[in-house]
Amino acid sequence: MIWLAEPGDILVLPQPPRPEFVRYALTLRGLDVDSVLIMVPPAGRLGSDVLTGDRLLDGGFLAELRALVTKRNVDHACPYVFDATTAHLIRELGLHRSMPGFGFYEAGGADLVNSKSVFRAMAGGLGLPVTTGIVATSRAKAQEFAADLVAANRCVIVKQDFHAGGYGNEIISPRPDVQPLGAPSLRVLDSQDAVRRHFDSAWSRYSVDGRHKVIVEDYVPDSMPLGAEVRITAEGSRLHHIGEMRMAPVFDGVVIPGAVLSEKNRAEFNDIVLRVCDSIRALGYVGLANIDGILTPDGDLLLTEMNGRLGGTTHLHWIADALVGHDYQTECVLMTRNHWHVSSFDDAVARLRTSGLLFEPDARAGVLIGCEHIQQSGVVEYCIVAKDVDAAEEIETSLLRLPGGSLDTP
């Protein structure tokens, strides 16, 4: 969110960011460090890890935020997820009048555009290519579908209806030699009875104690995960970028515009993504949308889910747009990893500078640090900017040879 901030903005975060990272990001964009005000609400019932409703709507914090909104002439808000809590906050701050599509958000519309079951219904109605699967409201239906796939020596991916980054997914395989991309782990079940027993014990977790639908799909091993970000306005939909996800085994980086997709694949994926977004827009949604899919080993493009919110590549668009230009997709390649283990932020920047790998705005090439999670997990996200994929891979090889840093996976 720091990369999206503009002078005069108020940035509400769950925890205080490291001052050295704030200084680094804003200075790289040519902004005064004091031009953005950062606020952190009091800890809530779940502590300070996430911005829960009790934190955002805390009476004292809300009063302070309301006064600052007036003082700094703030006229709109950009929540990471526009859910009922953020809608309530925006109305309390008096910003709802200038927010297109606010009625959709306030009525719980975000649940529609972040639901995997709604996505399958929408894609099915539009006749768009999706993975073979079902939306299950009963354990019996889900386990029989999964058991039949396993009996046919196929793999299964089970998805919670509302989750992000692959962490609500689980892959079931009749054999152990399957790489579980898109889920934290692989569960090997080699018979229909084993699958049924597994669903007996796992159904409560999958369905969140029976409150949500469960998505069960044919999992196609060795597929390339794809993602696209689109800005949806009342007038239409505009593609920000298409990227190829780097999984380890869940989302751990991206290559934009990619290294594998052909121009034909890219044009086809662009078309079906925009068809999904036009339908989202017809519902009343305005904002960013992230649409995921896969390229199978047979060359088929299949859609897998949609998310009506900011995503894991949103900041990369802002970075590239500001530092490379509006046409960055044709001018450079962005290559990232989310979990580069370093000892400290300043040390990581110093080693990049000493090695000659640090991003240089004039050259529009090098390594920059996109996100910093050192206090929480000792890692940063690096973003390589290069003229093409070969140059990006060469820089990444040099980066990973630096002393004191290593790749870490979730």
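Starting afresh in each chain, residues are numbered from 1 along the sequence in its written order. Reporting in this predicted model follows two pLDDT cut-offs: at least 70 for local features of residues, and 80 or more for side-chain atom pairs to be given and counted; totals over whole chains, interfaces and linings ignore these cut-offs and use all residues. Calculated side-chain values reflect all of the structure's heavy atoms, with hydrogen atoms and water omitted.

J.: Could you give an account of the state of the cysteines, naming the residues involved and the relevant values?
T.: Disulfides are defined as cysteine sulfur pairs within 2.5 Å. For the structure on display, the rule yields zero disulfides. You can see Cys277 has no disulfide; the closest cysteine sulfur is in Cys78, sitting 16 Å from it. A disulfide-free cysteine, Cys332 has its sulfur positioned 8.2 Å from the sulfur of Cys383, the nearest such atom. Its relative accessible area of 5% is what places Cys332 among the buried residues. Burial classes: relative accessible area under 20% of the type maximum marks a residue as buried, over 50% as exposed, and values in between as partly exposed (1.4 Å probe, protein chains only).

J.: So what about the side chain of Lys159? Which residues, and what values?
T.: Each helix corresponds to a stretch of at least 4 residues labelled H or I by DSSP, and each strand to a stretch of at least 2 residues labelled E; elements are numbered beginning at the N terminus. Mapped onto the fold, Lys159 is located in strand β4 (residues 155-160). Residue classification places Lys159 among the buried residues on the basis of a relative accessible area of 4%. Side-chain atoms alone can form a polar contact between residues adjacent in sequence; in general such a contact is a pair of N or O atoms within 3.5 Å, and within protein one must be able to donate a hydrogen while the other accepts it. For Lys159, the side chain forms a polar contact with the side chain of Glu217, separated by 2.9 Å. Contacts are assigned to residue pairs that have any heavy atoms within 4.5 Å of one another. In this structure, Lys159 is in contact with Lys116, Gly168, Asn169, Val214, Ile215, Glu217 and Thr304, ignoring residues within four places of it in sequence.

J.: I'd love a proper account of the sheet that holds strand β6 (residues 186-188), names of residues and values included.
T.: The strand order across the open sheet built from five strands is β3-β7-β4-β5-β6, with neighbouring strands paired in mixed fashion. The open sheet terminates on both sides in strands that have one partner only, identified here as β3 (133-136) and β6. The average angle at which neighbouring strand axes cross in this sheet is 20 degrees, direction not considered. Here strand β5 (residues 169-173) runs beside β6; their pairing, made up of three bridges, is parallel. From the neighbouring strand, Ser173 faces β6, where its bridge partner is Val188. Note on geometry: axes are C-alpha line fits, over the in-contact stretch for helices, and angles between N-to-C directions span 0 to 180 degrees. In the packing of helix α8 (residues 139-151) onto the sheet, the strands contacted are β3, β4, β5 and β7 (214-219), and the crossing angle to β3 comes to about 160 degrees. Running over the sheet, helix α9 (residues 192-206) touches β3, β4, β5, β6 and β7 and is turned about 165 degrees from β5. For two strands to be treated as a pair, DSSP must find no fewer than two bridges joining them.

J.: Mind laying out the environment of His76, listing which residues take part and the relevant values?
T.: Relative to the helices and strands, His76 is located in the loop between α3 (59-71) and α4 (84-92). Note on His76: relative accessible area 47%, which makes it partly exposed. Ignoring any residue separated from it by four or fewer positions in sequence, one finds His76 in contact with Leu95, Ser98 and Met99. Engagement of the side chain of His76 in a polar contact is seen with the side chain of Asp75, the distance being 2.8 Å.

J.: Describe the nonpolar core, listing the residues and the values that go with them.
T.: Side-chain atoms within 4.5 Å are what join buried Ala, Val, Leu, Ile, Met, Phe, Trp, Tyr and Cys residues into a set we call a nonpolar core. Among the nonpolar cores identified, the biggest contains 64 residues, and Tyr24, Leu334, Leu352, Leu368 and Ile369 are the most heavily contacted of them. Apart from residues no more than four positions distant in its own chain, Ile369 is found in contact with Trp3, Phe21, Tyr24, Phe345, Ala348, Val349, Leu352, Val380 and Glu381. With 41 residues, the next largest nonpolar core counts Val113, Ala289, Leu301 and Leu303 among its residues.

J.: Please provide a residue-by-residue account of a negative patch on the surface, values included.
T.: Each patch groups residues whose relative accessible area exceeds 30% and which form no salt bridge, using 9 Å between like charges and 5 Å between nonpolar side chains of Val, Leu, Ile, Met, Phe, Trp and Tyr. Using a 1.4 Å probe, accessible areas were evaluated by the Shrake-Rupley method; residue-level cover was limited to the displayed protein chains. Salt bridge, as applied in this entry: a Lys or Arg side-chain nitrogen positioned within 4 Å of an Asp or Glu carboxyl oxygen. In this tally, Asp and Glu contribute negative charge and Lys and Arg positive charge; neither His nor the terminal groups of the chain are included. To locate a charge, take atom NZ for lysine, CZ for arginine, CG for aspartate or CD for glutamate. A cluster of like negative charges, contributed by Glu268, Asp271, Asp298 and Asp300, occupies part of the molecular surface. Turning to its location among the elements, Glu268 is positioned in helix α10 (residues 263-283).

J.: Please set out the side chain of Asn114 residue by residue, giving values where relevant.
T.: Along the polypeptide, Asn114 turns up in the loop between α6 (109-113) and α7 (116-126). Engagement of the side chain of Asn114 in a polar contact is seen with the backbone oxygen of Ala110, the distance being 2.9 Å.

J.: Break down the packing of α8 against α9 for me, with residues and values.
T.: Contact geometry of α8 with α9 gives a least axis separation of 9 Å together with a crossing angle of 145 degrees. By crossing handedness, the relation of α8 to α9 is classed as right-handed. Touching Arg139, Ala142, Gln143, Glu144, Ala146, Ala147, Asp148, Val150 and Ala151 of α8 are Gln192, Val195, Arg196, Phe199, Asp200 and Trp203, all from α9. Tallied by class, residues from the contact of α8 with α9 come to eight nonpolar, two polar and five charged. Handedness of a crossing is defined here by the sense of rotation of the near helix relative to the far one, left-handed for an anticlockwise turn of less than a right angle and right-handed for a clockwise turn. Gly counts as polar in this scheme, as do all residues outside two lists: the nonpolar Ala, Val, Leu, Ile, Met, Phe, Trp, Tyr, Cys and Pro, and the charged Asp, Glu, Lys and Arg.

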